[in-house]
Protein chains: 2
Amino acid sequence: MPESQPIEFYFDFSSPYGYLASCQIDRIADRHGRRVLWRPYLMGVAMKVTGRQPLVEQPMIADYTRIDLPRSARRAGVKCTLPDPFPVATVTACRAYYWLLDQDEEKAKSLAQALYVAYFVEGRNIGKPDVVLHVAGALGIDRDTLAAAIQEPAVKARLKEITDNAVARGIFGSPFFIVDGEPFWGNDRLREVDEWLETGGW
Amino acid sequence: MPESQPIEFYFDFSSPYGYLASCQIDRIADRHGRRVLWRPYLMGVAMKVTGRQPLVEQPMIADYTRIDLPRSARRAGVKCTLPDPFPVATVTACRAYYWLLDQDEEKAKSLAQALYVAYFVEGRNIGKPDVVLHVAGALGIDRDTLAAAIQEPAVKARLKEITDNAVARGIFGSPFFIVDGEPFWGNDRLREVDEWLETGGW
């Protein structure tokens, strides 16, 4: 029964458009009685395959992004500033998320949201493990337990598996949605996702 | 008075998303009492600056495009097939357009539409001057006059100037719209363009 399938939401913690989508996708899914599986991954692995560079490193496209990103944020009613440094490594953020996911899916989602806000609203460098631990600590997650967990081989393997599987399935961007088997790439496709859920596709 | 400014619609004749946008932008502009200036250009010149490759030459992104393009066409209610060869050189198509534009703007737009249909619906290779002349001939444009015109230095210079100016203004994609000074890139931004015209921006 396709109606009951959750929406898969792939994103990179260093992706500003992923952040904008994270502020909107649950509301859209709720309207259609769907769950959303949040799936942070290491988009850099996919970018080695596609050959793409980060938006801010591409001539002309960087200038456009500096106009489009704040405009897209205003449209979504969200604060979002390109942080410095940008992008950053997100391996610790991802591992923390997946470790928590096995214990408490809602809390894991709260951590993902808090990490995104720390980076794109507060400008804190979530590439640093200390910052990830601090953000998690503010949510009541034990800092020492988490610090140990993100070094566990099983947690590391989980992230690698998630990322490798995503790339094997053709997922390469952030945000990237799978809706009833249908791939949608980009924050600017959220309305299409909404319409697809509403109508069953076209 | 921004209300009276026409919308600038930049596109490449070899761009399938440019074709999809060409089937929709005039209707959107009409709703808001705006004119559309159709501005074909040589996107390849911009791609040398951005470093981008055609979508179908990018691993993973090519596969996504083969899903997204027909889906976007169905959403727009338009037929569109990736032709072979793809992409093709569009210098003759562009020159024919600009030569005609100085005489009859509506007829030039009809030629642009006919060239797009020839390529993305009928699969004819509009990279070949003979095909461009044939498509123009079917619109009642004298073939010999056009064949001579596209060799004129002034016509060649016109296209070079249009393309160089576009790149200098930060235009790099297809479709690419300028609405009251605001740049919008991509067929998937047409609804944003519509809302921007409706609301005056955000």
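Residues numbered from 1 in each chain as written. Chains lettered and ligands numbered in written order. Predicted model: local features only at pLDDT ≥ 70, side-chain atom pairs only at ≥ 80, totals over all residues. Heavy atoms only, no water.

Colleague: Give a detailed account of the relation of the copies chain A and chain B, specifying residues and quantitative values.
Modeller: Laying chain A over chain B is done by rotating through 180° and shifting 0.0 Å along the axis; what remains is an RMSD of 0.0 Å. Such a combination of turn and shift is consistent with a two-fold rotation axis. In terms of C-alpha distance to the rotation axis, chain A has Asp188 of chain A as its closest residue, with the C-alpha 3.3 Å off the axis. Comparing interface residues between copies, 100% of those in chain A also lie at the interface in chain B; the contact surface is shared. (Least-squares fit on C-alpha atoms with pLDDT ≥ 70 in both. Contact = heavy atoms within 4.5 Å.)

Colleague: Help me get a handle on the sheet that holds strand E4 (residues 182-185) of chain B, residues and values and all.
Modeller: Residue and element names in this part refer to chain B. Overall, mixed pairing links the four strands, which are arranged E2-E1-E3-E4 in an open sheet. If you trace the sheet from one side to the other, it starts and ends with strand E2 (36-40) and E4, each paired once. If you compare each strand with its neighbour and ignore which way they point, the axes differ by 20° on average. The pairing of strand E1 (residues 7-11) with strand E3 (residues 176-179) spans three bridges and is classified as antiparallel. (Pairing = 2+ DSSP bridges. Helix = DSSP H or I, 4+ residues; strand = E, 2+ residues; numbered from the N terminus. Axes fitted to C-alpha atoms, helices over the stretch in contact; angles between N-to-C directions.)

Colleague: Describe the pattern of salt bridges, naming the residues involved and giving the relevant values.
Modeller: Enumeration over the complete set of coordinates arrives at 34 salt bridges over all chains. Among the ionic pairs, Lys109 of chain B bridges to Asp26 of chain B, the shortest N-O distance being 3.0 Å. Residue Lys109 of chain B is found in helix H6 (residues 105-120), and its partner Asp26 of chain B is found in helix H2 (residues 25-31); the two are separated by 83 residues along the sequence. For the residue pair Lys109 of chain B and Asp26 of chain B, the accessibility class agrees, reading buried in each case. With a shortest N-O distance of 2.7 Å, Asp164 of chain B and Lys160 of chain B are connected by a salt bridge. Of the two residues, Asp164 of chain B and Lys160 of chain B are both situated in helix H9 (residues 153-168); the distance of four residues between them amounts to about one turn of the helix. Relative accessible area serves as the criterion here: at 32%, Asp164 of chain B is assigned to the partly exposed category. Through salt bridges with shared partners, a single ionic network connects Asp68, Arg71, Arg75, Asp188 and Arg191 of chain A together with Glu182, Arg189, Glu192 and Glu195 of chain B. (Salt bridge = Lys/Arg side-chain N within 4 Å of Asp/Glu carboxyl O. Buried < 20%, exposed > 50% of the residue type's maximum accessible area, 1.4 Å probe, protein only.)

Colleague: Describe the confidence of the model for chain A, and please don't skip the residues or the numbers.
Modeller: Averaged over all residues, the pLDDT of chain A equals 96, while 99% of them reach at least 70. In the predicted assembly, ipTM is 0.94 and pTM is 0.95. (pLDDT = per-residue confidence, 0-100.)

Colleague: Can you tell me about the packing of helix H5 (residues 91-101) of chain A against helix H6 (residues 105-120) of chain A, naming the residues and giving the values?
Modeller: Residue and element names in this part refer to chain A. Orientation of H5 relative to H6, taken along the N-to-C sense of each, is 160°, at an axis distance of 7 Å. Between H5 and H6, the angle falls in the class roughly antiparallel. Remark: the crossing between H5 and H6 carries right-handed chirality. Facing Ala93, Ala96, Tyr97, Leu100 and Leu101 of H5, the residues of H6 in contact are Glu105, Lys107, Ala108, Lys109, Leu111, Ala112 and Leu115. Looking at the contact of H5 with H6 residue by residue, the classes come out as nine nonpolar, no polar and three charged. (Parallel < 35°, antiparallel > 145°, perpendicular 65-115°, else oblique. Left-handed = near helix turned anticlockwise from the far one by under 90°. Nonpolar A, V, L, I, M, F, W, Y, C, P; charged D, E, K, R; others polar.)

Colleague: Lay out the environment of Arg34 of chain B with the relevant residues and their values.
Modeller: Residues and elements named next belong to chain B. Looking at where Arg34 falls in the secondary structure, it is placed in the loop between H2 and E2. Using a relative accessible area of 10% as the deciding quantity, one classes Arg34 as buried. With 112 residues separating them along the chain, Arg34 and Leu146 place their C-alpha atoms 30 Å apart.

Colleague: How would you summarise the pairing of E2 of chain B if you had to cite specific residues and measurements?
Modeller: Residue and element names in this part refer to chain B. Burial of E2 is extensive: five of the five residues sit out of reach of the surface. The side-chain alternation of E2 yields two buried faces, one formed by Val36, Trp38 and Pro40 and the other by Leu37 and Arg39. Both E1 and E2 contribute to a ladder of five bridges, which runs parallel. By the bridge assignment for E2, Ile7 is matched with Val36.

Colleague: Please set out the sheet that holds strand E1 (residues 7-11) of chain A residue by residue, giving values where relevant.
Modeller: Residues and elements named next belong to chain A. Taken in spatial order, the four strands line up as E2-E1-E3-E4 in an open sheet, and their pairing is mixed. The open sheet has two free edges, formed respectively by strand E2 (36-40) and strand E4 (182-185), since each of these has just one partner strand. Adjacent strand axes in the sheet meet at a mean angle of 20°, parallel and antiparallel pairs treated alike.

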